[in-house]
Amino acid sequence: MTEHLRAALSDDRDTPAGVDVEAVRTRAGRLRRGRWAVAGVAALTAVAIAVPVVLLRPDPAPPAPSAPVTAAGQAAPACPDTAPAAPAAPAPATGPLVGFAPTGGLLCGYLADQTTTMADGPLGAVTRLTAAQARALAAVIDAASGPDGELGCTDELALPYTLQFAGAGRLVTLRVQPYGCGEVSDGSRVVLAAKDPAFLAVVKDLPTYAACPPRLNDPRTVFTEPAGDALLPADTVRLVVCGYVDGAPAEEVRTARVVETREARRYVTEFDASPSVDDLACTAERGSPVILVTAVTPTGTKRVVGEVGNCRTLSDGTRSVRNEALVRSLWELTQR
Amino acid sequence: MRDDEGFAAFATANGRRLRHAARLLTGDDGRAEDLVQTALARTYLRWDRIRSDDPVAYVRRVLFTAHADWWRRRWRLEHPTETMPDTAAPGDLAAELAERDRLRTALAALSARERAVLVLRYYEDLGERETAAALGIAVGTVKSTCSRALGKLRISPELVESEER
């Protein structure tokens with residue numbers, strides 16, 4: 001049977017050869033422009049605050065550092081908006097990459113393209129490291145050695161993330177490649193640390209890249225961050241929006257929609273100004289759409305959930321506001 | 001600057017194989033063409049990063065993942081397609097082509113994942129581990145899916161009838 005199958009599958013006599021390479025390049029151009037979509041929200045006549053239509057062109061993001069930042073006296077870590085580039089010709093590190101005992105740090109994950117699982121999108125997941133986590137990771141990295149000879153590792157699953165370590169007035173930013181050889185780099189030097197069991201023990205449950213969760217069965221489970229003083233943080237640089245119906249992904253399966261800085265700040269301002277409601281007074285309809293919105297700042301993230309059907313509210317588990325037009329506009333993003 | 005010539009050569013050299021795999025996956029010429037274009041376009045966007053690694057494995061993974069995403073978006077049962085278009089040929093060749101087409105019709109009745117696993121295992125000739133990596137699933141899932149798919153083919157009315165001929 002299997003040889004029969006193999007022969008039948010391999011028979012490509014009726015498969016045309018040739019590829020229209022120009023058409024491929026044109027499509028690539030469209031993919032590049034549309035991938036990280038800016039909110040294009042039509043002005044709604046019934047709404048007092050109109051949000052203008054925005055062309056599919058991303059707001060200029062903060063420039064990513066071409067090399068990791070080490071700044072003496074800089075104590076407050078902040079995630080770079082894109083993952084640092086892999087070093088072109090890294091040298092094995094002969095000294096420690098971190099070199100001090102950090103008091104804290106950040107793990108910065110980036111938006112992953114669902115089709116290829118490459119995380120080359122902008123910042124989408126930020127986790128504050130405790131002092132213990134930061135010290136444990138720094139110890140593993142500083143004890144690790146560089147590659148012995150030329151590296152022959154594949155990073156086909158390129159999901160790099162950034163680690164920042166802070167303490168004693170110092171700040172070190174490192175690029176981590178969790179696949180292939182597990183390289184950790186400061187831009188010019190590299191050690192092989194990211195596959196060390198002690199390293200993995202710290203990061204195994206931390207989000208090293210950002211993507212829409214495969215399901216959203218119980219929205220209450222996403223509220224893991226402190227509620228804070230406002231529904232959405234004032235220093236939000238981006239909103240990542242995922243749509244669901246009855247727990248299952250909406251039309252565009254697991255493809256996050258992104259609202260960039262200018263528009264994101266407008267959403268933040270308008271949601272924070274929207275009237276508060278008592279969530280218990282509204283019963284969500286079965287089958288009504290739900291949006292999971294992650295507000296990303298350089299130092300953290302906050303998740304809120306929007307009910308698009310009956311309630312039309314946005315909630316962080318502690319406070320809820322009602323703004324039908326904005327909630328619906330975010331849902332409509334997920335349908336494009 | 002992107003290596004456009006290198007990409008064009010790569011696309012030309014691998015286009016037929018990709019298009020054939022896409023036809024086997026989708027059972028539809030139009031969707032197959034769209035799938036190949038999408039896979040090559042995504043590969044082109046990352047060409048400078050992957051060209052010195054294993055671009056064939058990369059574009060294959062993109063093809064199969066894009067197909068899986070397309071299939072999940074549809075949220076409906078797949079319907080077996082009709083026999084793939086083919087031109088009539090005389091004599092033994094006709095019998096051979098008819099046999100091939102019966103097998104492809106039976107293949108079209110499988111689920112998208114079952115088809116993907118069979119195409120990767122028996123057309124792309126990947127091992128179980130490589131197939132699992134290409135589809136982002138566990139090796140055990142590859143084994144069970146393959147076993148189930150072959151079992152379905154063995155009892156497929158298309159193929160049972162052909163054996164009785």
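To be clear, the structure that these remarks concern was listed above.
Everything quoted here is computed from the prediction, not taken from an experiment.

A. Focus on the overall build of chain B. Within chain B, the secondary structure is distributed over nine helices and zero strands. Starting at the N terminus and ending at the C terminus, chain B contains elements arranged as α-α-α-α-α-α-α-α-α. Residues classed as buried in chain B amount to 51% of the 165 residues present. Considering only contacts within chain B whose residues lie at least 6 apart along the sequence, 65% involve residues at least 24 apart. Accessible area of chain B: about 7900 Å², with a carbon and sulfur share of 51%.

B. Inspection of the packing of aromatic side chains at higher detail. Residues and elements named next belong to chain B. The full count for this structure, using the stated rule, is five aromatic pairs over all chains. On the basis of an interplanar angle of 80 degrees and a centroid distance of 5.5 Å, the ring pair of F7 and W47 is categorised as edge-to-face. Residue F7 is found in helix α1 (residues 4-26), and its partner W47 is found in helix α3 (residues 47-50); the two are separated by 40 residues along the sequence. For F7, a relative accessible area of 0% puts it in the buried group. By relative accessible area, which is 5% here, W47 ends up buried. Aromatic rings pair up to connect F7, F10, Y44 and W47 into one cluster. The ring of Y123 carries the charged tip of R17 above its face, separated from the ring centre by 4.5 Å. It is R121 that lies over the ring of Y122; its NZ or CZ is 5.7 Å from the centre.

C. Examining the pattern of salt bridges more closely. Residue and element names in this part refer to chain A. All chains considered together, the criterion is met by 20 salt bridges over all chains. For the salt bridge of K204 with D205, the shortest nitrogen-to-oxygen distance reads 2.9 Å. Take K204 and D205: they sit in the same class, and that class is exposed. Linking R266 and E263 is a salt bridge whose minimum nitrogen-to-oxygen distance equals 3.9 Å. With a gap of three residues between them, R266 and E263 both fall in helix α5 (residues 261-272), about one helical turn apart.

D. Representation of the nonpolar core in the model. Ranked by size, the top nonpolar core spans 53 residues in total, and within it L5 of chain A together with F7, L40, L63 and L118 of chain B carry the most contacts. Within the second largest apolar cluster, 26 residues are counted, among which are L97, I141, V176 and V203 of chain A.

E. Examining the packing of α1 of chain B against helix α6 (residues 112-123) of chain B more closely. Residues and elements named next belong to chain B. Running from amino to carboxyl end, α1 crosses α6 at an angle of 145 degrees, the nearest separation of the two axes being 9 Å. Relative to α6, the crossing made by α1 is right-handed. The residues of α6 that touch α1, namely those facing R17, H20, A21, L24 and L25, are R115, A116, V119 and Y123. Its residues assigned to classes, the contact of α1 with α6 shows six nonpolar, one polar and two charged.

F. View of unusual backbone geometry. Notably, A168 of chain A is not glycine yet its phi reads approximately 50 degrees, a positive angle. Position of A168 of chain A relative to the elements: it lies in the loop between β4 (161-167) and β5 (170-176). Notably, D125 of chain B is not glycine yet its phi reads approximately 60 degrees, a positive angle. Mapped onto the fold, D125 of chain B is located in the loop between α6 and α7 (128-135).

G. Just the state of the cysteines, in detail. Residue and element names in this part refer to chain A. Under the definition given, this model contains two disulfides over all chains. The side chain of C79 participates in a disulfide bridge whose partner is C108; the two sulfur atoms lie 2.0 Å from each other. Classification of the bridge connecting C79 and C108 rests on its S-S torsion, roughly -80 degrees, and on that basis the disulfide is left-handed. Here C79, found in the loop between α2 (21-34) and β1 (91-92), pairs with C108, found in strand β2 (residues 104-111); they are 29 residues apart in sequence, far enough to count as distant. Comparing C79 with C108 shows no difference in burial state: the two are buried. Bridging C212 to C242, the disulfide has an S-S length of 2.1 Å. Between C212 and C242, the S-S dihedral sits near -90 degrees, and the bridge is therefore left-handed. Taken as a pair, C212 in the loop between β8 (209-210) and β9 (238-245) and C242 in strand β9 lie far apart in primary sequence, 30 residues in all. C212 sits in the buried class, given a relative accessible area of 3%. Of the residues examined, C242 reaches a relative accessible area of 4% and is grouped as buried.

Thresholds, definitions, all that
Residues numbered from 1 in each chain as written. Chains lettered and ligands numbered in written order. Predicted model: local features only at pLDDT ≥ 70, side-chain atom pairs only at ≥ 80, totals over all residues. Heavy atoms only, no water. Helix = DSSP H or I, 4+ residues; strand = E, 2+ residues; numbered from the N terminus. Buried < 20%, exposed > 50% of the residue type's maximum accessible area, 1.4 Å probe, protein only. Contact = heavy atoms within 4.5 Å. Areas by Shrake-Rupley, 256 points an atom, 1.4 Å probe, with all protein chains shown as cover. Phe/Tyr/Trp six-rings, centres within 6.5 Å; stacked < 30°, edge-to-face > 60°. Lys NZ or Arg CZ within 6 Å of the ring centre and 35° of its normal. Salt bridge = Lys/Arg side-chain N within 4 Å of Asp/Glu carboxyl O. Core = buried A, V, L, I, M, F, W, Y, C linked by side-chain atoms within 4.5 Å. Axes fitted to C-alpha atoms, helices over the stretch in contact; angles between N-to-C directions. Left-handed = near helix turned anticlockwise from the far one by under 90°. Nonpolar A, V, L, I, M, F, W, Y, C, P; charged D, E, K, R; others polar. Disulfide = S-S within 2.5 Å.

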